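A structural walkthrough
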Amino acid sequence: MGTAASTNADTSSHGSEDHAGGQLYVSLKMENYRLKGELVPHVYGSAPLVGSWDSSKAVRLSMERESTFMWELSFVVPPNHETLDFKFLLKPKHGNVPCVVEEGPNRQLIGGTLQGDQDSAMFKLSGDEILEYKVFIKADRVSPFDLAASWRAYQENFQRSTVRGIPDVSIASATEAANEIGSQASLELDIEHYVVPAPSSANSGPVYAANMTETPRSLARTGVFSRNDSSLGSSHSQKDLGASVDRPGGMEVIAPETAKLSLGSGLVESKSVGTFSNMQKQEGHRGLFVDRGVGSPRLMKSSSSSAFAVDVKLGSEAKNSMPAAAGAVAAGAVADQMLGPKEDRHLAIVLVGLPARGKTFTAAKLTRYLRWLGHDTKHFNVGKVIDSLFFISLLLFSCYYSRVRDIAVNSVCSIEGSSMELTRILNYDTYLTLIDMMQTADFFSGDNPEGIEARNEVAALAMEDMISWMQEGGQVGIFDATNSTRKRRNMLMKMAEGECKIIFLETLCNDRNIIERNIRLKVQQSADYAEEYDARWPDFEAGYHDFKVRLENYEKVYEPVEEGSYIKMIDMVSGNGGQIQVNNISGYLPGRIVFFLVNTHLTPRPILLTRHGESRYNVRGRIGGDSAISDSGELYAKKLANFVERRLKNEKAASIWTSTLQRTILTAGPIGGFPKIQWRALDEINSGVCDGMTYEEIKKNMPEEYESRKKDKLRYRYPRGESYLDVIQRLEPVIIELERQRAPVVVISHQAVLRALYAYFADRPLKEIPHIEMPLHTIIEIQMGVTGVQEKRYKLM
Ligand SMILES: Nc1ncnc2c1ncn2[C@@H]1O[C@H](COP(=O)(O)OP(=O)(O)O)[C@@H](O)[C@H]1O
Ligand SMILES: O=P(O)(O)OC[C@H]1O[C@@](CO)(OP(=O)(O)O)[C@@H](O)[C@@H]1O
């Protein structure tokens with residue numbers, strides 16, 4: 001390399017090099033697999049640069065740890081000292097003495113050529129113990145420009161550089177991390193010591209599924225649900241208060257020339273369940289869907305910016321767009337669109353089951369899964385409606401119904417405010433009696449015609465609400481109520497005619513203990529909820545009694561589903577020995593739903609998510625690649641092993657999952673006692689032609705790509721690489737397997753992949769995924785269990 005390089009024992013070029021220009025660049029490496037205590041290799045020698053044979057000055061030339069067993073030092077020899085005598089010595093990490101100098105004669109480097117062939121260094125330790133290192137010495141003549149470039153790269157990345165092929169420029173001090181490696185004290189064993197708060201938006205507390213659902217618009221507009229409904233706040237528009245606005249629209253639509261493509265208008269609904277496309281209206285002109293993400297796979301001249309312009313329009317302006325999905329989901333959607341009947345464009349999953357059978361829990365989980373896959377899905381919880389004093393009051397007094405409802409619809413006041421509006425119309429005593437009545441189980445009795453009527457009214461209103469939401473572009477509505485009589489279900493089927501396909505999802509449980517546990521859990525959650533907000537059961541005992549009576553009332557009239565398309569989940573809590581029965585189910589999405597439900601269960605277990613230890617590319621700010629881990633990454637690997645062994649010490653069936661890239665495999669290396677599984681699906685987002693570049697380099701050399709990604713990171717696909725949506729698609733089997741596993745799993749993966757996995761558990765909208773904070777050297781523990789998902793974080797370094 002360079003102008004005139006010399007290698008070990010290459011004497012032929014000696015002499016000519018002095019005149020060859022440039023400077024002598026020396027790289028020394030020592031390797032030993034049998035590390036001894038805390039001895040750090042150093043160099044000292046004849047030139048002032050290497051301490052003028054003063055071992056105390058050799059501290060400036062301590063070698064740096066390149067990997068666990070390799071030490072490295074490189075330096076530039078000034079032109080007037082091109083004859084260099086030197087030796088290696090070992091110094092204890094803490095304190096200067098005693099040093100151990102290598103045995104044998106001095107090593108000599110003349111004009112870049114090493115004299116002799118000593119390729120090992122022997123050190124005599126106390127008690128005549130001999131320690132031998134393998135030695136690699138390389139000297140090259142490099143131009144000042146190359147040196148400067150190498151130095152600059154080093155300064156930028158804080159890591160040795162090989163710019164223009166020169167070896168490395170390094171600093172003469174061991175890194176902090178290397179110092180830490182030997183220190184047992186740093187491997188703190190008290191795992192609670194490392195707990196850090198989860199980000200505020202995460203579900204770190206127990207999650208009550210019923211409270212996570214959205215409020216029907218007819219209520220939302222009144223302001224009755226003014227408390228926990230984040231759905232009513234920033235993430236939802238005024239017009240469509242209940243529906244998620246996270247409909248980025250994931251596909252570019254290419255229509256034949258003749259068929260005029262009109263974006264934002266002429267929406268054609270897909271025949272697949274829950275899919276829509278911005279295609280032309282004309283019958284017979286079928287568009288061609290190209291799942292391109294944003295960005296262009298073309299290398300010569302990128303058209304990503306124009307593709308982006310189209311996609312942005314789809315995402316922000318068009319109401320009805322393809323699901324924000326790629327791959328199989330999109331393919332299934334397109335296929336169903338071509339083949340399915342008209343009403344199959346929308347799917348209603350109608351829950352059926354007695355109280356405390358896990359309906360709301362299952363509905364919330366299914367909503368989370370479908371949204372994560374990119375389907376516009378919404379959970380309509382009729383029970384939540386019934387829980388509103390105000391709304392029940394409206395319905396029970398049907399004579400006042402329409403008048404009061406008008407007031408409610410136009411009202412924007414809070415619960416208290418709305419109640420006051422009511423009392424202005426109703427006599428105050430009547431209002432209080434009404435509230436008393438709906439607070440008892442009588443309201444749910446099969447012998448109480450007023451109660452039945454009121455509940456049917458609420459269900460019909462919620463169904464109406466769901467259908468209007470679908471007409472505006474919603475794809476999958478999850479209709480959550482007991483729906484326990486055939487009459488009620490017939491009413492719903494009638495309402496759905498020509499609007500959407502209905503699948504009943506019945507949850508059955510024959511285990512009295514589980515039902516008892518569920519009741520207690522529900523009453524407790526409702527009581528907790530009542531502390532902050534007005535609700536039915538502020539007192540546990542009263543609530544428990546009321547719930548039991550209410551349950552008996554339902555049991556008397558309950559009619560299991562035997563009609564239409566249905567999925568029955570029977571005793572599926574443990575995931576062991578339960579049953580799923582399906583009837584008349586077809587299509588891509590219904591198939592996926594069945595598959596998902598077959599694999600879910602409630603066995604409590606933790607899932608630990610972590611990125612690999614810091615990689616060499618992370619240090620340099622380079623993306624992708626398959627680099628090894630840095631010193632600090634190695635330290636994390638040790639700490640992680642320690643943590644996992646303690647955290648999962650009684651979990652014999654736990655397993656460790658890594659990607660196929662060495663930074664995750666190396667991070668898992670020190671963990672003992674558990675099987676390790678490599679998953680290709682867990683590999684980092686494929687950055688295609690940008691692999692190995694820094695973000696700065698991409699910005700400089702491929703500004704269009706850089707800008708496209710910045711504008712729409714979720715859908716941007718690296719040329720010849722992947723988008724976040726692609727990553728989500730390939731992670732679906734991982735999610736299913738995580739749901740299915742009953743033992744703990746440690747997932748050691750990468751930034752983008754973990755963002756996507758975490759978003760599933762934390763129920764974060766698709767558009768947030770690429771921006772979720774996913775720090776290095778931190779473990780996110782997801783606790784799965786009967787109350788849903790909880791999160792805890794540990795920062796080990
Ligand atoms: N398939 C199921 N069978 C029985 N219990 C379940 C099932 N799925 C979840 N659960 C449990 O039931 C509890 C109460 O569930 P919830 O969804 O509130 O009941 P429901 O909506 O039927 O009244 C949940 O916290 C969960 O622990
Ligand atoms: O989507 P962005 O924010 O670029 O994050 C993904 C990037 O994270 C990195 C680190 O920058 O992951 P990793 O730590 O697994 O190497 C890159 O390899 C990867 O391209």
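Taking an unreviewed UniProt entry as the reference, the chain is identified by name as CBM20 domain-containing protein belonging to Salvia splendens.

It is worth spelling out the overall build of the chain at this point. Looking only at helices and strands, one finds 24 helices and 27 strands in the chain. Taking all 797 residues of the chain together, the buried fraction comes to 55%. In the chain, of all internal contacts separated by at least 6 residues, the share reaching a separation of at least 24 is 71%. Of the roughly 33200 Å² of accessible surface on the chain, 52% is carried by carbon and sulfur atoms.

The next thing to look at is the pattern of salt bridges. Applying the stated criterion across every chain yields a total of 19 salt bridges. Arg 622 is paired through a salt bridge with Glu 697; the nearest N and O atoms lie 2.9 Å apart. Pair noted here: Arg 622 is in the loop between α18 (616–620) and α19 (631–647) and Glu 697 is in helix α21 (residues 695–701), with a separation of 75 residues, a long-range link. In this structure, Asp 726 and Arg 717 form a salt bridge, with 2.6 Å as the shortest nitrogen-oxygen distance. Asp 726 gets classed as buried once you look at its relative accessible area, which sits at 13%. Linked through salt bridges whose partners overlap, the residues forming this network are Arg 486, Glu 559 and Glu 562.

Let us now look at unusual backbone geometry. A positive phi angle is found at Asp 763, which is not glycine, with a value near 55°. Relative to the elements of secondary structure, Asp 763 occurs in the loop between α24 (751–762) and β26 (778–785). Positive phi outside glycine occurs at His 777, with the angle close to 55°. Taking the relative accessible area as the measure of exposure, His 777 reaches 8% and is therefore buried.

So, about the UniProt feature "binding site: substrate" (unreviewed entry) in the chain. Feature annotation in UniProt assigns "binding site: substrate" (unreviewed entry) to the following positions: Arg 611, His 612, Gly 613, Glu 614, Ser 615, Arg 616, Tyr 617, Asn 618 and Arg 663. Look at the named residues: they lie 53 residues apart in sequence, but the longest C-alpha span between them is just 13.9 Å, so in the fold they bunch up. Relative to the helices and strands, Glu 614 resides in the loop between β22 (605–611) and α18. When near neighbours in sequence (up to four residues on either side) are disregarded, Glu 614 contacts Val 619, Ile 629, Ser 630, Ser 632, Gly 633, Leu 776 and His 777.

Right, let's talk about the nonpolar core for a bit. In globular proteins that are soluble, nonpolar side chains generally tend to be buried together. Core analysis: the largest hydrophobic core is formed by 58 residues, its most contacted members being Ile 349 and Val 747. Ranked by the residues each element gives to this core, the list is headed by α24, at ten residues. Summarising the domain contributions, this core has at least three residues from each of domain 2 (191–202 + 603–686 + 722–795) and domain 3 (209–243 + 342–599). Core analysis: the second largest hydrophobic core is formed by 35 residues, Ala 348, Ile 519, Val 523 and Tyr 558 among them.

Rules used throughout
- Residues numbered from 1 in each chain as written.
- Chains lettered and ligands numbered in written order.
- Predicted model: local features only at pLDDT ≥ 70, side-chain atom pairs only at ≥ 80, totals over all residues.
- Heavy atoms only, no water.
- Helix = DSSP H or I, 4+ residues; strand = E, 2+ residues; numbered from the N terminus.
- Buried < 20%, exposed > 50% of the residue type's maximum accessible area, 1.4 Å probe, protein only.
- Contact = heavy atoms within 4.5 Å.
- Areas by Shrake-Rupley, 256 points an atom, 1.4 Å probe, with all protein chains shown as cover.
- Salt bridge = Lys/Arg side-chain N within 4 Å of Asp/Glu carboxyl O.
- UniProt positions renumbered as here; feature names shortened; annotations may be inferred.
- Core = buried A, V, L, I, M, F, W, Y, C linked by side-chain atoms within 4.5 Å.
- Domains from an automatic or database assignment.

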